[in-house]
Amino acid sequence: MINLFEPVLGEEELAAIGEVFADGWLGKGKRTRAFEAAFADHLGVAEEQIVSVNSCTEGLFLATELLEIGPGDEVVLPSVSFVGAANAVAARGGKPVFCDVDADTLNPGTAEIARRIGPATKAVLVLHYGGCPGDVATIAALCREHGIALVEDAACAVASRAAGTACGTFGDLGVWSFDAMKILVTGDGGMLYAKDPALARRAAELAYLGLRQLSGYAEAGTRKRWWEFDVGPFGRRSVTNDICSAIGMVQLGKLPSFVRRRREICRRYDARLAAVPGLRVPPRMPPGHESSYYFY
Ligand SMILES: *Cc1c(COP(=O)(O)O)cnc(C)c1O
């Protein structure tokens, strides 16, 4: 038996968890804020555009809520995608409209998506299969042209880039996963990117009980009745915590080495499998594309 999803974890992660214990605070706190800032930096976006969540699936559900997908709205997504993506559309009464994927890359092509866009289309929700960026730049241009939103499920694409831009940041919203089977793992966890910082703030409210003012403690004594919380939208509780974030911070530092090793293995598969009769190896990516090498 070969465990395909064995994470790379070591003494550094254990030491980071030890520091959280020493802090005496396990919840969402300074280590989560530091991880959000470091992840924003990794993507090349502003900290105000990033919100940590407890899973990528929750990020997908937040995304359809932020876009106010509702009955009568269509969302175009690839036929090969994560079950949570179509669920996040259908759970709000929206209609998932599936488009075909390219037989070689398993990513959706721009032309296939264009064929499915109609008057009821409110958004396109793509993923980067196996970590390959795919046609994301032209898909983003297509969405802008039609005035519809683009959501990227970048769960497989934590280190993927196209022409220097991080996957997940081409569109309006992007989501990542740090669950136990991913490249960068925190046990459970995820991130959400919103191009519009106001949407990121709304996501933070929805992910934490709908609280408008996230830290009364920080305002202690600075205004009257600072201990009262203003509750806005019907929020849930889908925040992460400092234990997961401490692990994530160490994993983020190791990410370049993870990707290097995965690239080596990919090259080896390419070389050894190319001559096997009946097998077709994945095509080389276009110049300027960088994969996370999640699946081969
Ligand atoms: C793993 C994965 C998810 C789900 O992530 P969770 O953090 O487990 O919710 C979503 N989309 C894709 C493409 C994935 O690979």
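This section reports on the structure supplied with the text. (Residues numbered from 1 in each chain as written. Predicted model: local features only at pLDDT ≥ 70, side-chain atom pairs only at ≥ 80, totals over all residues. Heavy atoms only, no water.)

Regarding the site of the ligand
And step 1. As a structural note, the neighbourhood of the ligand is formed by S55, C56, T57, F82, L127, D153, A155, C156, S177, D179, K182 and G189.
And step 2. Between the ligand and S177 there is a distance of 2.7 Å, counted from an oxygen atom to a side-chain nitrogen or oxygen.
And step 3. Measuring from an oxygen atom of the ligand, one finds a side-chain N or O atom of D179 at 2.5 Å.
And step 4. Taken by itself the ligand offers 390 Å² of open surface, and the protein chains cover 89% of this.
And step 5. A class-by-class count of the residues in the shell around the ligand yields five nonpolar, four polar and three charged. (Near = heavy atom within 4 Å. Polar contact = N/O pair within 3.5 Å; in protein donor to acceptor, adjacent residues only side chain to side chain. Areas by Shrake-Rupley, 256 points an atom, 1.4 Å probe, with all protein chains shown as cover. Nonpolar A, V, L, I, M, F, W, Y, C, P; charged D, E, K, R; others polar.)

Section: the nonpolar core
And step 1. One finds L67, L125, L173 and L192 to be the most contacted residues of the largest nonpolar core, which totals 29 residues.
And step 2. No other element matches helix 3 (residues 56-66), which puts five residues into this core.
And step 3. In contact with L173, not counting residues within four places along its chain, are A63, L66, L67, L150, V151, E152, G168, L192, Y193, A194 and L199.
And step 4. By size, the runner-up hydrophobic cluster in this structure holds 26 residues, among which are A40, V158, C167 and L184. (Core = buried A, V, L, I, M, F, W, Y, C linked by side-chain atoms within 4.5 Å. Buried < 20%, exposed > 50% of the residue type's maximum accessible area, 1.4 Å probe, protein only. Helix = DSSP H or I, 4+ residues; strand = E, 2+ residues; numbered from the N terminus. Contact = heavy atoms within 4.5 Å.)

Quick look at unusual backbone geometry
What you tend to see is this: most non-glycine residues have negative phi, and most peptide bonds are trans.
And step 1. In the Ramachandran plot, E68 falls in the positive-phi region, its phi being about 55° despite a non-glycine side chain.
And step 2. Here E68 is to be found in the loop between helix 3 and strand 2 (74-78).
And step 3. When its relative accessible area of 56% is taken as the criterion, E68 is described as exposed.
And step 4. The phi dihedral of L209 is positive, around 65°, even though this residue is not glycine.
And step 5. Tracing the backbone through its elements, the reader meets L209 in the loop between helix 7 (197-206) and helix 8 (242-273).

Remarks on a positive patch on the surface
And step 1. Together, R260, R263, R267 and R284 make up a region of like positive charge exposed at the surface.
And step 2. Along the chain, R284 falls in the loop between helix 8 and strand 10 (289-290).
And step 3. On the basis of relative accessibility, which here comes to 64%, the residue R284 falls in the exposed class. (Patch = residues over 30% accessible without salt bridge, like charges linked within 9 Å, V, L, I, M, F, W, Y side chains within 5 Å. Salt bridge = Lys/Arg side-chain N within 4 Å of Asp/Glu carboxyl O. Lys, Arg positive; Asp, Glu negative; His and termini not counted. Charge placed at Lys NZ, Arg CZ, Asp CG, Glu CD.)

Looking at the packing of helix 2 (residues 30-43) against helix 8
And step 1. Contact geometry of helix 2 with helix 8 gives a least axis separation of 8 Å together with a crossing angle of 30°. Looking at the two axes, helix 2 sits roughly parallel to helix 8. For helix 2 against helix 8, the interelement crossing comes out left-handed. In this structure, helix 2 uses K30, R31, T32, A34, F35, A38, F39 and H42 to contact helix 8, whose residues at the interface are D242, S245, A246, G248, M249, L252 and L255.
And step 2. When grouped by side-chain class, the residues that make up the contact of helix 2 with helix 8 number eight nonpolar, four polar and three charged. (Axes fitted to C-alpha atoms, helices over the stretch in contact; angles between N-to-C directions. Parallel < 35°, antiparallel > 145°, perpendicular 65-115°, else oblique. Left-handed = near helix turned anticlockwise from the far one by under 90°.)

Observations regarding a nonpolar patch on the surface
And step 1. On the surface, I2, L4, F5, M181 and F295 cluster together into a nonpolar patch covering about 540 Å² of accessible area.
And step 2. Secondary-structure assignment places L4 in the segment before helix 1 (11-23).

Topic: the state of the cysteines
And step 1. Enumeration over the complete set of coordinates arrives at zero disulfides.
And step 2. We note that C132 lacks a disulfide partner, and the nearest cysteine sulfur, in C266, lies 7.9 Å from it.
And step 3. Assessed through its relative accessible area of 26%, C132 is described here as partly exposed.
And step 4. C167 takes part in no disulfide bond, and the closest cysteine sulfur, belonging to C132, lies 9.2 Å away.
And step 5. The class for C167 is buried, based on a relative accessible area of 0%. (Disulfide = S-S within 2.5 Å.)

These figures capture arrangement, not role.
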